Protein chains: 2
Amino acid sequence: MATGRTHRPATRSRGIPEATVARLPLYLRALTALSERSVPTVSSEELAAAAGVNSAKLRKDFSYLGSYGTRGVGYDVEYLVYQISRELGLTQDWPVVIVGIGNLGAALANYGGFASRGFRVAALIDADPAMAGKPVAGIAVQHTDELEHIIESNGVSIGVIATPAGAAQQVCERLVAAGVTSILNFAPTVLTVPDGVDVRKVDLSIELQILAFHEQRKAGEEDGPDSGGPAVAARAAAAVADDRKGPDGDMPAVMPA
Amino acid sequence: MATGRTHRPATRSRGIPEATVARLPLYLRALTALSERSVPTVSSEELAAAAGVNSAKLRKDFSYLGSYGTRGVGYDVEYLVYQISRELGLTQDWPVVIVGIGNLGAALANYGGFASRGFRVAALIDADPAMAGKPVAGIAVQHTDELEHIIESNGVSIGVIATPAGAAQQVCERLVAAGVTSILNFAPTVLTVPDGVDVRKVDLSIELQILAFHEQRKAGEEDGPDSGGPAVAARAAAAVADDRKGPDGDMPAVMPA
DNA sequence: CTATGTGAACCCATTCACAGCT
DNA sequence: AGCTGTGAATGGGTTCACATAG
């Protein structure tokens, strides 16, 4: 085979940093929009703005993929769309199953962003017998009993879990046993999986909690780094009563042993 | 203290690393589960396993909050729940509005994880007049015309956008103008906001794309780092015809200028 | 002269390993 | 003796700034 690169610092051509991989879909989305407007080329500056990152980062990211730009000009939109799609594995069709067809599962089934990016919803699966046969997003829901059969006969390797937290681990194990090796988990629980299986999680309330943290801080920092908001007096008292080094606050009822 | 830097040193006692903040909700979830089982104390090892991180990271994270453990023993569960809740700003009640009551918006409105963590859905807002008055998750949907009034009269500072991409920026601007300073964006588009406004985004299809990348790589690495899958022959030809340095692959139809 | 591609510096995050407290 | 808390070491990711190509 014609690979000239036999021994290399090894962390090269194939080793794209995880942080870069996570941004490729962002670039792809921005490029797709440009493509639909028939824009032929973009500069790193313009594309970075459209994707919400800075241009140095974008150029560095692209440098891991190869030299796909033209100096003095920019990047060819169509060409980049293809290269990034290929890098992400979106030039092939990925059948996915969604397990747990509640509100969220139904929303996912109806979500247009999947189909338009190389993902095909192969089946919707739910444990409730009353759901079986009901059409959601034009697909008849199937019962959990069918899970293994569906995975195997469709060659599904990506599963989406949108069940309640209590059911998630068990569903996960059945998916993995049937051959799934990538899981997107919406249930608010930690999944344990064997080596070789990838799990990504999306927890809706975690994102809100992170926002609340920053929101609280905005309100508290208005007059100096040590103004603790409504509980300043209580804090001062607690600092005397309790020798723990926490920067702020006491506790209403329960104290540690 | 100052190093002639234009921005602030940022590493102060109040400056909890962003990566740590992002994990606090995870710890909180694990601790809440322990609390419900009336477990009085946990070691960093046990709690780390329950949260899906390693124990050194967890101890380091907690060290930014203060010394809340007891050497030789572990952490008091109730005490930690309170300290983390307070740090995240969850001891107060955050009214949030959800804009865009489609499948996803409805799923969010019904999501139990919000209410149980100090968030209160103050209003559901949709642009479709036919939706107005309809109850979703026990709350009557209100029309977009009411947006400013709802934000102001409820003192809402956190907004959730679950509209189609095309409407998101406009909704965002109205939310910000009315006083919202934190936004959780589910629309697949980049939002532009003034300084001082926080945006976090959740893009369902991005997570799947990242999984696809790793999934593809699993399949491709089975027989050597340069086995390119189905397109190997095409690649070799392209390598001759095209002097770009991309590590692999050609393009079906379009070529750059 | 313009905009990419990239070494090098910088900064943040993770991991290690052990001192210090209970 | 056991487990936390944390300096020190390590590793990744981001940013800078400029050589390089068109």
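Thresholds applied
Residues numbered from 1 in each chain as written. Chains lettered and ligands numbered in written order. Predicted model: local features only at pLDDT ≥ 70, side-chain atom pairs only at ≥ 80, totals over all residues. Heavy atoms only, no water. UniProt positions renumbered as here; feature names shortened; annotations may be inferred. Phe/Tyr/Trp six-rings, centres within 6.5 Å; stacked < 30°, edge-to-face > 60°. Helix = DSSP H or I, 4+ residues; strand = E, 2+ residues; numbered from the N terminus. Buried < 20%, exposed > 50% of the residue type's maximum accessible area, 1.4 Å probe, protein only. Axes fitted to C-alpha atoms, helices over the stretch in contact; angles between N-to-C directions. Parallel < 35°, antiparallel > 145°, perpendicular 65-115°, else oblique. Contact = heavy atoms within 4.5 Å. Nonpolar A, V, L, I, M, F, W, Y, C, P; charged D, E, K, R; others polar. Near = heavy atom within 4 Å. Polar contact = N/O pair within 3.5 Å; in protein donor to acceptor, adjacent residues only side chain to side chain. Core = buried A, V, L, I, M, F, W, Y, C linked by side-chain atoms within 4.5 Å. Salt bridge = Lys/Arg side-chain N within 4 Å of Asp/Glu carboxyl O. Pairing = 2+ DSSP bridges. Expected span 1.5 Å × (residues − 1).

In the annotation of an unreviewed UniProt entry, chain A is listed under the name Redox-sensing transcriptional repressor Rex and assigned to Streptomyces nigrescens. Check the Sequence similarities (unreviewed entry) section of the UniProt entry for chain A; it says "Belongs to the transcriptional regulatory Rex family." Its UniProt record gives chain A the following Subunit (unreviewed entry) comment, quoted word for word: "Homodimer."

(A) Looking closely at the packing of aromatic side chains. One pass over the full model with this rule turns up eight aromatic pairs over all chains. With 5.2 Å between their ring centres and 85° between their planes, Phe62 of chain A and Tyr75 of chain A make a pair best called edge-to-face. A residue pair is termed long-range when its members are at least 10 positions apart, and Phe62 of chain A in helix H3 (residues 55–65) and Tyr75 of chain A in strand E3 (residues 74–76) qualify at 13 residues. Of the two residues, Phe62 of chain A and Tyr75 of chain A, neither departs from the other in class, the shared state being buried. Pairing Tyr27 of chain B with Phe62 of chain B gives two aromatic rings, centres 5.2 Å apart and planes at 80°, and the pair type is edge-to-face. In this pair, Tyr27 of chain B sits in helix H1 (residues 18–36) while Phe62 of chain B sits in helix H3 (residues 55–65), placing the two residues 35 residues apart along the sequence. Residue classification places Tyr27 of chain B among the buried residues on the basis of a relative accessible area of 0%. Linked through ring pairs, Tyr27, Phe62 and Tyr75 of chain A together constitute an aromatic cluster.

(B) The arrangement of the packing of helix H2 (residues 44–51) of chain A against H3 of chain A in detail. Residues and elements named next belong to chain A. Close contact between H2 and H3 brings their axes to 8 Å; oriented N to C, the two are set at 105°. Taken together, the axes of H2 and H3 lie roughly perpendicular to each other. The residues of H3 that touch H2, namely those facing Ser44, Glu45, Leu47 and Ala48, are Ser55, Leu58, Arg59 and Phe62. When its residues are assigned to classes, the contact of H2 with H3 shows four nonpolar, two polar and two charged.

(C) Region of interest: the protein's contact with DNA strand D. Taken together, 24 residues lie near DNA strand D, and Arg23, Asn54 and Arg71 of chain A together with Ser44 and Tyr75 of chain B sit nearest. Sugar and phosphate atoms form 65% of the subset of DNA strand D atoms that lie within 4 Å of the protein. In the model, a base oxygen of DNA strand D is placed 2.5 Å from a nitrogen or oxygen of the Arg71 of chain A side chain. One of the backbone N or O atoms of Ser44 of chain B is found 2.5 Å from a phosphate oxygen in DNA strand D. Where the surface near DNA strand D is concerned, the elements lending two or more residues are helix H1 (18–36) and H3 of chain A together with H3, strand E2 (69–70) and strand E3 (74–76) of chain B. Residues that form the surface near DNA strand D fall into these classes: five nonpolar, nine polar and ten charged.

(D) Spotlight on the UniProt feature "DNA-binding region" (unreviewed entry) in chain A. UniProt's feature table lists "DNA-binding region" (unreviewed entry) at residues 26–65 of chain A, given in the numbering used throughout. Helix makes up 75% of residues 26–65 of chain A and strand 5%, and the two end C-alpha atoms of the span are 15 Å apart.

(E) Representation of the nonpolar core within the structure. By size, the foremost hydrophobic cluster in this structure holds 112 residues, and its most contacted members are Ile84 of chain A together with Ile84 of chain B. Apart from the residues within four sequence positions on either side, Ile84 of chain A is in contact with Leu24, Tyr27, Leu28, Leu31, Phe62 and Leu65 of chain A. Leu147, Cys172, Val176 and Ala178 of chain B belong to the second largest nonpolar core, which has 21 residues in total.

(F) Highlighting the pattern of salt bridges. What the rule picks out here adds up to 14 salt bridges over all chains. Between Arg23 of chain A and Asp61 of chain A there is a salt bridge; the shortest N-O distance is 2.7 Å. With Arg23 of chain A in helix H1 and Asp61 of chain A in helix H3, this residue pair connects regions lying 38 residues apart in the sequence. Take Asp61 of chain A: its relative accessible area is 2%, and that puts it in the buried class. A salt bridge links Glu215 of chain A to Lys218 of chain A, with the shortest nitrogen-to-oxygen separation between them at 3.3 Å. You can see Glu215 of chain A and its partner Lys218 of chain A sitting in helix H9 (residues 204–220), three residues apart, about one turn around the helix. Residue class for Glu215 of chain A comes out buried when judged on its relative accessible area of 7%. For Lys218 of chain A, a relative accessible area of 25% translates into the label partly exposed. Each of Asp198 of chain A together with Glu215 and Lys218 of chain B takes part in a single network of salt bridges with overlapping partners.

(G) Structural context of the sheet that holds strand E4 (residues 94–99) of chain B. All names here are of chain B. On the basis of which strands lie adjacent, the open sheet formed by seven strands has the order E6-E7-E5-E4-E8-E9-E10 and mixed pairing. Here the strands that pair on one side only, and so sit at the sheet edges, are strand E6 (135–136) and strand E10 (198–201). In the sheet, E4 pairs with strand E5 (residues 119–126) via six bridges, with the strands oriented parallel. Bridging across to E5, Val99 finds its partner in Ile125. Packing against the sheet, helix H8 (residues 165–178) makes contact with E4, strand E8 (158–161) and strand E9 (182–185), and its axis sits at approximately 170° to E8.

(H) Here's a closer look at the environment of Ile183 of chain B. With respect to the element layout, Ile183 of chain B can be found in strand E9. For Ile183 of chain B and Val193 of chain B, which are ten residues apart along the polypeptide, the C-alpha to C-alpha distance reads 9.7 Å. Non-local contacts of Ile183 of chain B, meaning those with residues more than four positions away in its chain, are made with Leu211 of chain A together with Gly159, Ile161, Cys172, Val176, Leu191, Asp198, Val199 and Arg200 of chain B.

(I) Fine view of helix H8 (residues 165–178) of chain A. All names here are of chain A. For H8, which comprises 14 residues, the first-to-last C-alpha distance of 21 Å matches the rise-based estimate of 20 Å (1.5 Å per residue) to within 8%. Of all the residues in H8, the buried ones are Ala168, Val171, Cys172, Leu175, Val176 and Ala178. Where H8 is buried, its residues contact strand E4 (94–99), helix H7 (147–154), strand E8 (158–161) and strand E9 (182–185).

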